[in-house]
Amino acid sequence: MGISAGIDAVTKRVPGLARYAAAALAGVALHVAFPPRTLWWTAIVAFAVLWFTLRGVRVRRAALLGFVFGLGFFLPHLLWINDFLGRDFGLPPWLGLSALMALFTAATCALVPLVARLPAAPVWAALLFVLQESARSRVPANGFPWGRVAFGQVEGPYLPLAAIGGAPLVSFAVVVTGFGVAAWAARPRDPRRAWAVLPLAAALAVTPLVGVDAQHGERTVAVVQGNAPDVGLGLLHERDTLRRNHLRATAELTARIRAGEVPRPDLVVWPESATGAGERDPVLDRAVAELGVPTLIGALRRVDGREENAVIAWDPRTGAGPSYAKQELVPFGEYIPMRSLATLVTPFAEAPDLSAGTEPGVFDIAGTRVGVGICYEAAYDAVLRESAAEGARLFVVPTNNAWYGPGEMTYQQLGMARLRAVEHGRAVVVAAISGVSAVVRPDGSVVRSTGMFTEDLLVESVPLRSDTTLATRFGGVLEALFALMALAGAGWPLLRGWRARQSRRSRSVAV
């Protein structure tokens, strides 16, 4: 018996329970590919195994297998949700969000049997998987783009593809490799299936094109990580503590600069929501004046009667200046959809919605143009793409991960920032309340980072770049093209089946 016949025989005889177990393990293997681990290749294994579990099954079973695969991935990947809300709300928020996200993978896998008979079936299936990532990044409630395959590839060879097509292209390359390798293993003597190695070859070919050199000099940037108590939801009552901590850490930075222990930075960055701020703030004015350096302050502030999550440019001479308000707000945290049901899953149900910004995050500060995306916004393609298109030469991502305890959430988010660095060819400075703060080079490598739940300071020089990548210019177009191709691939078998039924019906009527 040949390898191909053997695989077919085994696949047909695999009991239903074993298929589901394999799908669940494949989902776990996909999670293992993500930071803080460096096992990027387990994503390839995950999709290869998923392809085998879907061989020869019909739509309904494919959907169930896809749901199990989704749970296998999202349950461990989103465990930090339970660390955040479990004490007060139990398991429902974590289980509910994981199950909701698994419905997207279920819908994708349900369509795989429709494209399985098309030429280059793994390509069409991979396009479907990227389509579901695009869909769940938008719906429901403005979507939840966490856990896209690309975000788990920051230690792997596929990362340079982000400069060509952003997260959608990286996700596609990984998924099509896994599916393609499985299809190749099933028909190893068919030379037409050797294309499964092409995505990896393309990524390696693109690697030398990822620019890292300074094109407009460098800027020395300091990150102030003031720290926060690890109290979960108790952080709601710790705003004064956060402010105090960051003022103290800023004073420490001032003292170290004056003592010559660290170089004087060109720009200082505070994390997200490190303080509250009104129209005037004499304490912050004095702290930044003593520092003598332009500072980006992450603050919750009230504007026209509504609170917004903002970054404010603070000048050492003139005080508060231009600001950027977060555009992509966290559902059930910063705004409340389905408010009547929200009391079951969030402590913020009675709080008014934050006001969302509408303008790209760009500042002319420290002698350069700086792009900003706040925390959750690193998961959305458009936010930093807009900043890069507006001429940003450096990215800053202030974040507050202190809510989520010592779990993996902060590492997952840092992975997103690293992908954005390559996607747009910019250095990224991540400023976190309690860690992990980091300085990331334009090639996605981490120059320096902090630990978690500790007060710390980072002072590093970063290159300024203005080259516009293909992903910056055409990333949105490529994502739309992928979506159209996926819909066409799934739609053609449906249309062909409908025509066949109509033809049979016409023949039966004629008879």
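Let me sum up the structure you'll find in this document. Everything numeric here is computed off the predicted structure, so don't read it as measured data. (Residues numbered from 1 in each chain as written. Predicted model: local features only at pLDDT ≥ 70, side-chain atom pairs only at ≥ 80, totals over all residues. Heavy atoms only, no water.)

### Let's talk about the sheet that holds strand β10 (residues 428–432)
Hydrogen bonds between backbone groups are what pair the strands of a sheet, and the pairing can be parallel or antiparallel.
Reasoning step 1: Taken in spatial order, the six strands make up an open sheet running β7-β8-β9-β10-β11-β12, and their pairing is mixed. In this open sheet, the two strands that pair with only one neighbour each are β7 (362–365) and β12 (446–449). Within this sheet the neighbouring strands show an average axis-to-axis angle of 20°, counted without direction.
Reasoning step 2: In this sheet, strand β8 (residues 368–372) lies alongside β7 in antiparallel orientation, the contact comprising four bridges. (Pairing = 2+ DSSP bridges. Helix = DSSP H or I, 4+ residues; strand = E, 2+ residues; numbered from the N terminus. Axes fitted to C-alpha atoms, helices over the stretch in contact; angles between N-to-C directions.)

### Notes on empty space enclosed by the protein
Reasoning step 1: A complete count under the given rule lists one cavity of 30 Å³ or more for this structure.
Reasoning step 2: Taken as a whole, the largest cavity encloses approximately 50 Å³ of empty space.
Reasoning step 3: Lining the largest cavity we find Leu30, Phe69, Gly70, Phe73, Phe74, Thr105, Phe129, Gln132, Glu133, Arg136, Gly147 and Val149.
Reasoning step 4: Contributions of two or more residues to the lining of the largest cavity are made by α4 (59–77) and α7 (121–136). (1 Å grid on protein atoms, 1.4 Å probe; cavity = no way out; pocket = protein on both sides within 12 Å on 5 of 7 lines; lining within 4 Å. Points joined across faces, edges and corners; volume = space filled by probe spheres on them.)

### Describing the packing of α4 against helix α6 (residues 92–115)
Reasoning step 1: In contact at an axis separation of 6 Å, α4 and α6 are set at 140° when each is read in the N-to-C sense. The angle between α4 and α6 falls in the class oblique. Between α4 and α6 the crossing geometry is right-handed.
Reasoning step 2: Classifying every residue of the contact of α4 with α6 gives 19 nonpolar, four polar and no charged. (Parallel < 35°, antiparallel > 145°, perpendicular 65-115°, else oblique. Left-handed = near helix turned anticlockwise from the far one by under 90°. Nonpolar A, V, L, I, M, F, W, Y, C, P; charged D, E, K, R; others polar.)

### Concerning the packing of aromatic side chains
Reasoning step 1: In total, this model carries 17 aromatic pairs according to the counting rule given.
Reasoning step 2: Their ring planes at 75° and their centres at 5.3 Å tell us that Tyr376 and Tyr380 sit as a pair that is edge-to-face. (Phe/Tyr/Trp six-rings, centres within 6.5 Å; stacked < 30°, edge-to-face > 60°.)

### With respect to the nonpolar core
Reasoning step 1: Of all hydrophobic cores here, the largest spans 132 residues; its most connected members are Leu30, Phe47, Leu253, Leu296 and Val372.
Reasoning step 2: No other element matches the 13 residues that helix α8 (residues 162–186) contributes to this core.
Reasoning step 3: If we ignore the near neighbours within four places in the chain, the residues touching Phe47 are Leu30, Phe69, Phe129, Val149, Val175, Gly178 and Phe179.
Reasoning step 4: Leu384, Phe395, Val428 and Ala438 belong to the second largest nonpolar core, which has 13 residues in total. (Core = buried A, V, L, I, M, F, W, Y, C linked by side-chain atoms within 4.5 Å. Buried < 20%, exposed > 50% of the residue type's maximum accessible area, 1.4 Å probe, protein only. Contact = heavy atoms within 4.5 Å.)

### Comments concerning the environment of Asp281
Reasoning step 1: Locating Asp281 in the fold gives a position in the loop between β3 (275–277) and α11 (282–291).
Reasoning step 2: Along the sequence, Asp281 and Ala320 sit 39 residues apart, while their C-alpha atoms lie 8.2 Å from each other.
Reasoning step 3: Setting aside its immediate chain neighbours within four residues, Asp281 contacts Arg243, Gly276 and Trp314.
Reasoning step 4: At a separation of 3.1 Å, a polar atom in the side chain of Asp281 contacts the main-chain amide nitrogen of Leu284. (Polar contact = N/O pair within 3.5 Å; in protein donor to acceptor, adjacent residues only side chain to side chain.)

### Focus: the environment of Ala320
Reasoning step 1: Position of Ala320 relative to the elements: it lies in strand β6 (residues 319–325).
Reasoning step 2: Setting aside anything within four residues of it in sequence, one finds Ala320 in contact with Asp285, Ile312, Ala313 and Trp314.

### Focus: a nonpolar patch on the surface
Reasoning step 1: Taken together, the side chains of Ile164, Leu470, Phe474 and Val477 make up a nonpolar region of the molecular surface, amounting to roughly 340 Å² of accessible area.
Reasoning step 2: Relative to the assigned elements, Leu470 resides in helix α15 (residues 470–510). (Patch = residues over 30% accessible without salt bridge, like charges linked within 9 Å, V, L, I, M, F, W, Y side chains within 5 Å. Areas by Shrake-Rupley, 256 points an atom, 1.4 Å probe, with all protein chains shown as cover. Salt bridge = Lys/Arg side-chain N within 4 Å of Asp/Glu carboxyl O.)

### A few points about the packing of helix α13 (residues 381–389) against helix α14 (residues 409–424)
Reasoning step 1: Two elements in contact, α13 and α14, have axes whose closest approach is 11 Å; the angle formed by their N-to-C orientations is 40°. Between α13 and α14, the angle is such that the two are oblique. Taken as a pair, α13 and α14 cross one another with a handedness that is right-handed. Along its contact with α13, which presents Asp381, Leu384, Arg385 and Ala388, the element α14 presents Arg420, Glu423 and His424.

### Remarks on the pairing of β10
Reasoning step 1: With five of five residues buried, β10 lies mostly within the body of the structure.
Reasoning step 2: In β10, alternate side chains face the same way, and those of Val428, Val430 and Ala432 on one face and Val429 and Ala431 on the other are all buried.
Reasoning step 3: Bridge count between strand β9 (residues 394–399) and β10: five bridges; the pairing is parallel. Bridge pairing links Thr399 to Ala432 in β10.
Reasoning step 4: Read as a crossover between parallel neighbours, the route from β9 over α14 to β10 is right-handed.
Reasoning step 5: In this structure, β10 lies alongside strand β11 (residues 438–440), joined through three bridges in antiparallel fashion. Bridging across to β11, Val430 finds its partner in Ala438.
Reasoning step 6: Counting the residues that bridge the hairpin from β10 to β11 gives five residues, and of these Gly435 lies at a positive phi of roughly 95°. (Right-handed = clockwise from strand over helix to strand, strands pointing away.)

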